[in-house]
Amino acid sequence: MNDSWASTPRNGGPVSGGHSADKTKIAIVGAGVAGLCTAKVLKQFGFDVVVYDRTPDVGGVWSVTRRYPGVMTQNNKGTYAFSDYPMPRWYPEWPTGAQVQRYLAGYVEFFGLESYLRLGTEVTSMLQDENTGRWSVSTRNVATGHAEDAWYDHVVIANGIFSDPFIPSYPGVAEFEEVGGRLCAASDFHDLDEAAGKHVLVVGYGKSACDVAEALSEVSATMTVVAREVTWKMPRKLGNMLNYKYILLTRLSEGLFEHIEQRGFGRFLTGPGRFVRDGMLGFIQRIVRRQLSLDRVGLVPEVPSSGLFATR
Ligand SMILES: Cc1cc2nc3c(=O)[nH]c(=O)nc-3n(C[C@H](O)[C@H](O)[C@H](O)COP(=O)(O)OP(=O)(O)OC[C@H]3O[C@@H](n4cnc5c(N)ncnc54)[C@H](O)[C@@H]3O)c2cc1C
């Protein structure tokens, strides 16, 4: 491991197969955070694991193939790291996409998972044998097209809810592209220079849309955002001073938002104590409104802030 990788992992080093007698074979589809930590844990329990990912690197959302200009985490680094492998101390509070990918590659190196990875390999189909319950997993090498089948006792699906971008079918796209326009998902847009001096339209007001709009506004001739609904955005530092983690990523704040199963103080805050919760959220909302000049730019959301915070 690179010395400059100054994190201090808390839970031993490379994963050695636990009880090696158990040769249960498990396939994991996806080498994002979910697939990687699943692989590490299953390996520690002594299972025979193979992790497939169609991209050439680990990281999923943070893969070089999916990083758009301006992508970084919404979470601060302390809350977007594995408990047994912290992010390096020298990382910024909100790491860039490239830094998160490097962190995850470091996780693979540290826990010795490289040999279990089958990168650049797409899982194309799976079929379960009715008698044995085992799975036949078909894969295709993305670069060569080479197809293969292998049998597994179990399959873990960790393919990510955002890994296949959805682009609505807009009328007029063919004509737009004919004259040199480009329509793409944020995750397929990698080179900011491509937009230099161009007129760009960003559809949506979520995390990717806001990140990419901010980056584009630096180089494009014009940049317009079209959104069905304007939602609340939480500044990384409330009032330009207080890291939002002290307000929204605490046990108390957990109770401010609706959950399927509300527990403890949260039950009070979303029940009889709702007025306390509304007061607290209303207070944050007022600060955000002023800090981001939402009234001046006409971006005051019509929806209440409860449950809709995302960081900017
Ligand atoms: C721009 C962006 C920023 C985000 N920021 C945050 C944040 O700050 N905090 C937070 O908590 N969450 C954030 N998220 C949510 C993010 O999805 C999760 O944090 C997490 O990265 C999801 O990990 P995952 O392993 O479930 O999925 P992914 O990271 O999407 O990984 C799934 C992997 O499966 C692979 N795959 C899919 N199908 C196949 C197949 N058929 N064969 C082979 N491989 C396949 C994909 O290539 C991909 O690598 C963000 C999401 C996006 C898009």
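Here the structure is a predicted model, which is why all the values come from computation and not from measurement.

1. Quick look at the packing of helix 1 (residues 33–44) against helix 2 (residues 97–110)
- One can describe the packing of helix 1 onto helix 2 by two numbers: an axis separation of 11 Å at closest approach and a directional angle of 15°. As far as their axial angle goes, helix 2 and helix 1 are roughly parallel. The interaxial crossing formed by helix 1 with helix 2 has left-handed handedness. Packed against helix 1, whose contacting residues are V33, L36, C37 and K40, the element helix 2 presents L104, Y107 and V108 at the interface.
- Here the residues of the contact of helix 1 with helix 2 are counted per class, giving 6 nonpolar, no polar and 1 charged.

2. Focus on the sheet that holds strand 1 (residues 25–29)
- Spatially, the 4 strands line up as an open sheet ordered 3-2-1-7, and their pairing is parallel. Of all the strands in the sheet, the pair left with one neighbour each is strand 3 (117–119) and strand 7 (154–157). With strand direction ignored, the average angle separating the axes of adjacent strands in the sheet is 20°.
- Both strand 1 and strand 7 contribute to a ladder of 4 bridges, which runs parallel.

3. Some thoughts on the domain arrangement of the chain
- For the chain, the assigned domains read domain 1 (25–157), domain 2 (173–226) and domain 3 (233–311).
- Look at where the C-alpha atoms of domain 1 and domain 3 centre, and you get two points 33 Å apart.
- For the pair domain 1 and domain 3, the two sides together bury roughly 620 Å², of which 50% comes from carbon and sulfur.
- Among the residues domain 1 hides against domain 3, the three largest losses belong to Q74, N76 and W94. Together they make up 67% of the total.
- Across the contact surface, domain 1 and domain 3 share 1 salt bridge.
- K245 is the partner of E93 in a salt bridge, and the nearest nitrogen-oxygen pair spans 3.0 Å.
- Our enumeration of links across domain 1 and domain 3 arrives at 3 residue pairs in polar contact (both at pLDDT 80 or more).
- Along the lines of polarity and charge, the residues of the side of domain 1 that touches domain 3 split into 2 nonpolar, 5 polar and 1 charged.

4. So, unusual backbone geometry
- We note that N240 has phi near 60°; this positive angle belongs to a residue other than glycine.
- Topologically, N240 is positioned in the loop between strand 11 (237–238) and strand 12 (242–243).
- The class of N240 is exposed, set by a relative accessible area of 61%.
- With a phi close to 50°, S293 is a non-glycine residue in the positive phi region.
- For S293, the position within the fold is in the loop between helix 8 (274–291) and strand 13 (310–311).

5. Considerations on the sheet that holds strand 4 (residues 121–128)
- Taking strand neighbours across the sheet as the criterion, the 3 strands line up as 4-5-6 in an open arrangement whose pairing is antiparallel. At either end of the open sheet lies a strand with only one pairing partner, and these are strand 4 and strand 6 (147–152). The mean angle between the axes of side-by-side strands here comes to 25°, regardless of whether they run parallel or antiparallel.
- Examined bridge by bridge, strand 5 (residues 135–141) and strand 6 share 6 bridges and lie antiparallel to one another.

6. Details of the environment of L192
- Tracing the chain through its elements places L192 in the loop between helix 3 (173–178) and strand 8 (199–203).
- Of the residues examined, L192 reaches a relative accessible area of 22% and is grouped as partly exposed.
- C-alpha separation for the pair L192 and V219, spaced 27 residues apart in sequence, amounts to 7.5 Å.
- What L192 contacts, discounting residues up to four positions off in sequence, is P69, A215, L216 and V219.

7. A look at a nonpolar patch on the surface
- Taken together, the side chains of I167, Y170, F176, L183, L201, V203 and V226 make up a nonpolar region of the molecular surface, amounting to roughly 580 Å² of accessible area.
- One can find I167 in the loop between strand 7 and helix 3.

8. Focus on the site of the ligand
- The ligand sits among 29 residues. The nearest are D53, Q74, N75, Y80 and V123.
- Here an oxygen atom of the ligand and a side-chain polar atom of R66 are 3.3 Å apart.
- Between Y80 and the ligand, the recorded distance is 2.6 Å, taken from a side-chain N or O atom to an oxygen atom.
- If the ligand stood free it would expose 990 Å²; the protein chains cover 84% of that surface.

9. Topic: the pairing of strand 2 (residues 48–53)
- Most of strand 2 sits inside the fold, with 5 of its 6 residues counted as buried.
- As defined by bridge partners, strand 2 adjoins strand 3 across 3 bridges and the pair is classed as parallel. Residue V51 lies in a different strand from strand 3, and its bridge partner there is L117.
- Crossover connection from strand 2 via helix 2 to parallel strand 3: handedness right-handed.

How each quantity is defined
- Residues numbered from 1 in each chain as written.
- Predicted model: local features only at pLDDT ≥ 70, side-chain atom pairs only at ≥ 80, totals over all residues.
- Heavy atoms only, no water.
- Axes fitted to C-alpha atoms, helices over the stretch in contact; angles between N-to-C directions.
- Helix = DSSP H or I, 4+ residues; strand = E, 2+ residues; numbered from the N terminus.
- Parallel < 35°, antiparallel > 145°, perpendicular 65-115°, else oblique.
- Left-handed = near helix turned anticlockwise from the far one by under 90°.
- Contact = heavy atoms within 4.5 Å.
- Nonpolar A, V, L, I, M, F, W, Y, C, P; charged D, E, K, R; others polar.
- Pairing = 2+ DSSP bridges.
- Domains from an automatic or database assignment.
- Buried area = accessible area lost by both parts, 1.4 Å probe.
- Salt bridge = Lys/Arg side-chain N within 4 Å of Asp/Glu carboxyl O.
- Polar contact = N/O pair within 3.5 Å; in protein donor to acceptor, adjacent residues only side chain to side chain.
- Buried < 20%, exposed > 50% of the residue type's maximum accessible area, 1.4 Å probe, protein only.
- Patch = residues over 30% accessible without salt bridge, like charges linked within 9 Å, V, L, I, M, F, W, Y side chains within 5 Å.
- Areas by Shrake-Rupley, 256 points an atom, 1.4 Å probe, with all protein chains shown as cover.
- Near = heavy atom within 4 Å.
- Right-handed = clockwise from strand over helix to strand, strands pointing away.

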